[in-house]
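Architecture at a glance
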Amino acid sequence: MEISNIKQEIHITEALMTRINELISHYPADKKKSALLPVLHEVQDAHDNWLSVELQQKVAEILEILPIEVYEVVTFYTMFNTKPIAKYMFEFCRTSCCATRGVEDLMDYACSKLGVKEGEITSDGLFQVVGVECLGACGYAPMLQLGDFYHEKLSKESFDTLIEDCKAEKITLHDK
Amino acid sequence: MGKKILLDKINIPGIKTYEVYRENGGYKSVEKALTMQPDDITDEVKASGLRGRGGAGFPMGMKWSFIDKKSGNPRYLVCNADESEPGTFKDRYLMEYIPHLLIEGMITSSFALGANLSYIYIRGEYMWIYKILEKAIKEAYAAGWLGKNIKGSGYDLELYVHVGAGAYICGEETALLESLEGKRGNPRIKPPFPAISGLWANPTVVNNVESIAAVPWIVMNSGAEYAKIGLERSTGTKLISASGHIKNPGVYEIEMGITVEEFMNSDEYCGGMIDDRPLKALVPGGSSVPILPAHLIYKTAAGTDRLMTYESLSDGGFVSGSMLGSGGFIVYNDTTCIVRNTWNFSRFYHHESCGQCTPCREGTGWLEKILWRIENGQGREEDIDLLWNIQSKIEGNTICPLGDAASWPVAAAIRHFREEFEYHVRFPEKIKDRNHFVIEPFSKVQHLVSKQTV
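Keep in mind it's a predicted model, so treat the numbers as computed, not measured.

Thoughts on the overall build of chain B
The helix and strand inventory of chain B stands at 19 helices and 11 strands. Its C-alpha radius of gyration of 23 Å places chain B within 12% of the 22 Å reference for a compact globule of 454 residues. Its C-alpha atoms give chain B principal-axis dimensions of roughly 80 × 45 × 40 Å. A separation of at least 24 residues holds for 71% of the contacts in chain B among residues at least 6 apart in sequence.

Laid out in structure tokens, this is it:
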């Protein structure tokens, strides 16, 4: 999938703005910037899970801070995506405890099943396999994160089922 | 069965909800605390000997007593729920299954510190737990435990959850505060310490989830009673996250002082090794602490039983001991490649280094690259000493402890498993498959290394 020239349509809906204002209210009136991380999560979730520069500028406007203050944060934290991602991005924990319980073999299986290399998006834009660092699920390895949720104690079979569930649109990415 | 004070009610159906939690004695510590002098609560926590459960083990009561109450500036309590130390998943368990315990602890502790605004900083990946906590906080507000004039005491407290976005470094308390201020998670130079200048430059205490969750019990039963649990300076209970090659991975609350052997082999806890394969190594306190080889796990170098306490796990210093750390108990059997595992940890630290300090930013990258080439059969004999050299130059030369945390696993791996590194360098054709020790455990080929000298 060609992703270099994708323009992002920006929709700050009323419901989203209500949630943003609620988040801003969690901090003292002169500390609006503190709401940046929670607000970015909400905005990203509502915009196909990525944050274009234009969208980041919009967030800066809402929080009354400079665009660079948003940009430097977005590029620091791994959960913010500056490029479009697949609809279903499988983030496999690849750190020691999961590696001990076979995540490397499982990732190879996932890649070959989907016909992609690590990081690539399938041609239909649906799936992507990436390796991430420790997700705090060490006792339930191997596992992956999909949207807001963890899928743990995975096997090849349960991964196959997960793919089928995604295709059948049975998977909720965000709990809103 | 050891004493349980955090997870004693975990099996009560519906304990996640406010009603059931309250029916089972929940929020009683708030009622009691509101009739006490705040400083008396701090004294109880001091008397309990409770040590910070995030990893550093600093006495919690002492940390509280450092908070600046004289300046008159607003004070804050921030709960560190940015659990990201590889091998650690205990705070998550507690927040997911008994969220009101943390909220109760936050209220009681905030009252002791005189904080009227407090936050729980949770890692972004725990998004569903963020929602659980938000819901539980709403319930607590509705029941009058939060907000203005709590239960007619005149004490006000606002409590919110703040969500991170994927950065291990934000578990370091000053990086966490930066992140809470909406910035990159770059640790601050100390002093000033957060107790004087923390969140928005005001006095702040940052405590781990498990530490705060222990406060209600201490308030209800006294610090002296808490200090009776456990062994010597390792008072109380500890949540241990057990993972790796064991039969029953999971979160266990132990009374400190049980032997490592019991924790490892008893059916109440880990249940022994999966497939009954030999135990090769143990990381007892999260990825940052030194790895222990099999002969130093159940016994210290002095031949005494190794216990699950701060003191016993560090017995022998870094030469023959390790640390309790965050209680991330990772068990490895004989199919594990120590070189590959050390490379895996180094990749983690390289990825998570914030980049402020040169020794850490550059050094972690060097460690990762050199370990990768050894693991892939391109290592040189002198690489092992080079690794030692680099890690020794990171340690102690950075603003925050991430640099130390990146160095210690490498140093310990070389100290205890040097022959495995030599094997990788000298027999590259035998390690081509990444599962080389699954195919042929190191114990079967070790003789090849000892026969060869350079």
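Picking up after the structure, the text goes on.
Comments concerning the overall build of chain A
Helices and strands together make up the secondary structure of chain A, namely seven helices and four strands. For chain A, the N- to C-terminal ordering of α and β elements is α-α-α-α-β-α-α-β-β-β-α. Principal axes of the C-alpha set define a box for chain A whose edges measure 50 × 35 × 30 Å. For chain A, the residues scored as buried account for 39% of the 176 residues in total. Within chain A, contacts between residues separated by at least 24 positions form 58% of all contacts whose residues are at least 6 apart in sequence.

Quick notes on the sheet that holds strand β2 (residues 117-122) of chain B
Strand-to-strand pairing in sheets goes through backbone hydrogen bonds, with the strands running parallel or antiparallel. Residue and element names in this part refer to chain B. If you trace the four strands from one edge of the open sheet to the other, you get β3-β2-β1-β4, paired in parallel fashion. Each edge of the sheet is formed by a strand with only one pairing partner; in this case those strands are β3 (158-163) and β4 (204-208). Recorded for the sheet is a direction-independent mean angle of 20° between the axes of neighbouring strands. In the sheet, β2 pairs with β3 via six bridges, with the strands oriented parallel. Bridge pairing in β3 links Y119 to Y160.

What about the packing of helix α3 (residues 53-63) of chain A against helix α4 (residues 67-74) of chain A?
All names here are of chain A. As a packed pair, α3 and α4 sit with axes 8 Å apart at the nearest point and diverge in direction by 120°. The orientation of α3 relative to α4 falls into the category oblique. Viewed along their axes, α3 and α4 form a crossing whose handedness is right-handed. Where α3 approaches α4, its residues Q56, Q57, V59 and A60 are matched on the opposing element by P67, E69, V70, Y71 and V74. In terms of residue class, the contact of α3 with α4 is made up of six nonpolar, two polar and one charged.

Topic: the sheet that holds strand β1 (residues 88-93) of chain A
All names here are of chain A. A sheet is described by the order of its strands in space; here four strands give the open sequence β2-β1-β3-β4, paired in mixed fashion. The open sheet has two edge strands, β2 (127-132) and β4 (149-151), and neither has a second partner. Between one strand and the next, the sheet's axes are offset by a mean angle of 30°, whatever the strand orientation. Pairing of strand β3 (residues 144-146) with β4 involves three bridges; the strand directions are antiparallel.

Notes on the interface of chain A and chain B
Of the residues lining the interface, 35 residues belong to chain A; the matching set on chain B comes to 46 residues. Elements supplying a minimum of two residues to the side of chain A that touches chain B: α2 (36-45), α4 and α5 (96-100) of chain A. At five residues, α2 of chain A tops the list of elements feeding residues into the side of chain A that touches chain B.

A word on the domain arrangement of chain B
All names here are of chain B. When its domains are assigned, chain B resolves into domain 1 (18-222), domain 2 (242-333) and domain 3 (338-451). Computed from C-alpha coordinates alone, the two centres of domain 2 and domain 3 are separated by 22 Å. Looking at the side of domain 2 that touches domain 3, its residues break down into seven nonpolar, two polar and no charged.

Considering the pairing of strand β7 (residues 237-244) of chain B
Residues and elements named next belong to chain B. With respect to burial, β7 is a largely interior element, eight of its eight residues being buried. Residues T237, L239, S241 and S243 line one face of β7 and the alternating positions K238, I240, A242 and G244 line the opposite face, and both faces are buried. Between β7 and strand β8 (residues 250-255), which pair antiparallel and follow one another directly, the connecting turn spans five residues. Here four bridges tie β7 to strand β11 (residues 328-333), and the two strands are oriented parallel to one another.

Brief notes about α2 of chain A
Burial runs high along α2 of chain A: nine of the 10 residues are buried. Regarding α2 of chain A, the residues found buried are L36, L37, P38, V39, L40, H41, E42, V43 and Q44 of chain A.

Some remarks on unusual backbone geometry
The omega torsion of the bond from A141 of chain A to P142 of chain A falls at -10°, within 30 degrees of zero and hence cis. Positionally, P142 of chain A belongs in the loop between β2 and β3. For the bond running from K190 of chain B to P191 of chain B, omega is -5°, close enough to zero to count as cis. Take P191 of chain B: it is sitting in the loop between α8 (173-180) and β4. For K153 of chain A, which is not a glycine, the phi torsion comes out positive at approximately 45°. Here K153 of chain A is to be found in the loop between β4 and α7 (156-167).

Regarding the pairing of β11 of chain B
All names here are of chain B. Among the six residues in β11, six count as buried, and that is most of the element. In β11, alternate side chains face the same way, and those of G328, I330 and Y332 on one face and F329, V331 and N333 on the other are all buried. Relative to β11, strand β9 (residues 279-283) runs antiparallel, the two being bridged by four bridges. Counted as the bridge partner of L282 is V331 from β11.

What about the packing of helix α17 (residues 402-426) of chain B against helix α19 (residues 442-451) of chain B?
All names here are of chain B. At a minimum axis distance of 10 Å, the contact between α17 and α19 shows a crossing angle of 75°. What the angle tells us is that α17 and α19 run roughly perpendicular. Counted together, E419, E420, E422, Y423 and R426 of α17 and F442, V445, Q446, L448 and V449 of α19 form the full contact between these two elements.

Quick notes on the environment of P428 of chain B
Summarising the element assignment, P428 of chain B is placed in the loop between α17 and α18 (436-439). Sequence separation of P428 of chain B and L102 of chain B is 326 residues, and the distance between their C-alpha atoms is 51 Å.

Here we look at the environment of E382 of chain B
Residues and elements named next belong to chain B. Relative to the helices and strands, E382 resides in the loop between α15 (358-375) and α16 (383-394). By the C-beta count within 10 Å, which is 11 here, E382 ends up exposed. For E382 and P187, which are 195 residues apart along the polypeptide, the C-alpha to C-alpha distance reads 34 Å.

Definitions and cut-offs
Residues numbered from 1 in each chain as written. Chains lettered and ligands numbered in written order. Predicted model: local features only at pLDDT ≥ 70, side-chain atom pairs only at ≥ 80, totals over all residues. Helix = DSSP H or I, 4+ residues; strand = E, 2+ residues; numbered from the N terminus. Rg over C-alpha atoms; globule rule 2.2 N^0.38 Å. Contact = placed C-beta atoms within 7 Å. Buried ≥ 20, exposed ≤ 12 C-beta atoms within 10 Å, placed from the backbone. Pairing = 2+ DSSP bridges. Axes fitted to C-alpha atoms, helices over the stretch in contact; angles between N-to-C directions. Parallel < 35°, antiparallel > 145°, perpendicular 65-115°, else oblique. Left-handed = near helix turned anticlockwise from the far one by under 90°. Nonpolar A, V, L, I, M, F, W, Y, C, P; charged D, E, K, R; others polar. Domains from an automatic or database assignment.

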